[in-house]
Amino acid sequence: MYSKLEKLYATCFPDKTHKWTENDFRDLKKSGCEIIVGENSFIVWRVSVDEAEIISIGVAPTARRTGTATALLQLMERDAKKNGVKNIFLEVDDANLPAIQLYQKFGFKNTGIRPHYYENRHNAIIMTKEI
Ligand SMILES: CC(C)(COP(=O)(O)OP(=O)(O)OC[C@H]1O[C@@H](n2cnc3c(N)ncnc32)[C@H](O)[C@@H]1OP(=O)(O)O)[C@@H](O)C(=O)NCCC(=O)NCCS
């Protein structure tokens, strides 16, 4: 599972300087994160009391625009709800329009901004969804 995640991460985020490795994913799991990994996609999230944070989500380029990310968000949301989560949040690069549109379509709203947050100096938009 972890070597699959490392490969998927590199495929989904080719431009990132620091690519998450098998060990990064292992550490995330050890620290309490939930992970779903499929043939072409993955999602990582963390629950803290009644809040869940989406840490990362990716779909391989060949599998995009077929509803895969939406299906992962649905699975994650269902699991979070079962565990008492009331609010989901995430951070997204303000230049990442595919992701922003995915989250908006899934019911997330912009609730904040972290200026120059990423290594490319782009702002992070904070998005949240009540469930
Ligand atoms: C963002 C990402 C996860 C979307 O995955 P996906 O499986 O293609 O998304 P879906 O098929 O579920 O798309 C759902 C909706 O999101 C929006 N969307 C997805 N990709 C889009 C794009 N390239 N341009 C515009 N809107 C897009 C659309 O509204 C789409 O609905 P539609 O296809 O009916 O128009 C995928 O592009 C990806 O892995 N990108 C690289 C990694 C990344 O940026 N992750 C997010 C980090 S915060």
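Everything that follows concerns the structure shown earlier in this document.
Conventions adopted
- Residues numbered from 1 in each chain as written.
- Predicted model: local features only at pLDDT ≥ 70, side-chain atom pairs only at ≥ 80, totals over all residues.
- Heavy atoms only, no water.
- Buried < 20%, exposed > 50% of the residue type's maximum accessible area, 1.4 Å probe, protein only.
- Helix = DSSP H or I, 4+ residues; strand = E, 2+ residues; numbered from the N terminus.
- Pairing = 2+ DSSP bridges.
- Contact = heavy atoms within 4.5 Å.
- Salt bridge = Lys/Arg side-chain N within 4 Å of Asp/Glu carboxyl O.

**Q** Looking at this structure, how should I read the pairing of strand β6 (residues 124-130)?
**A** Across a regular strand the side chains alternate sides, sitting on one face of the sheet and then on the other. By the criterion of burial, β6 is predominantly enclosed, with six of the seven residues buried. By the bridge criterion, seven bridges tie strand β4 (residues 87-93) to β6 in an arrangement that is antiparallel. Bridge pairing in β6 places Leu 90 opposite Met 127. When strand β5 (residues 109-114) meets β6, the two strands line up antiparallel, connected through five bridges. If you follow Asn 110 over to β6, its bridge partner there is Met 127.

**Q** What is the right way to look at the environment of Glu 34 in this model?
**A** Turning to its location among the elements, Glu 34 is positioned in strand β1 (residues 34-37). With a relative accessible area of 32%, Glu 34 lands in the partly exposed category. Sequence-wise, Glu 34 and Trp 45 are eleven residues apart; in three dimensions their C-alpha atoms are separated by 5.3 Å. For Glu 34, the residues in contact, after removing those within four places along its chain, are Lys 29, Ile 43, Val 44 and Trp 45.

**Q** Could you clarify how one ought to interpret the pattern of salt bridges in this entry?
**A** Pairing of side chains with opposite charge becomes possible as their charged atoms draw close. Under the counting rule described, the total for this entry stands at six salt bridges. In this structure, Lys 129 engages Glu 77 in a salt bridge whose closest nitrogen and oxygen atoms are separated by 2.6 Å. Placement of the pair is Lys 129 in strand β6 and Glu 77 in helix α3 (residues 68-82), with a sequence separation of 52 residues. You'll find Lys 129 and Glu 77 in the same group, each marked buried.

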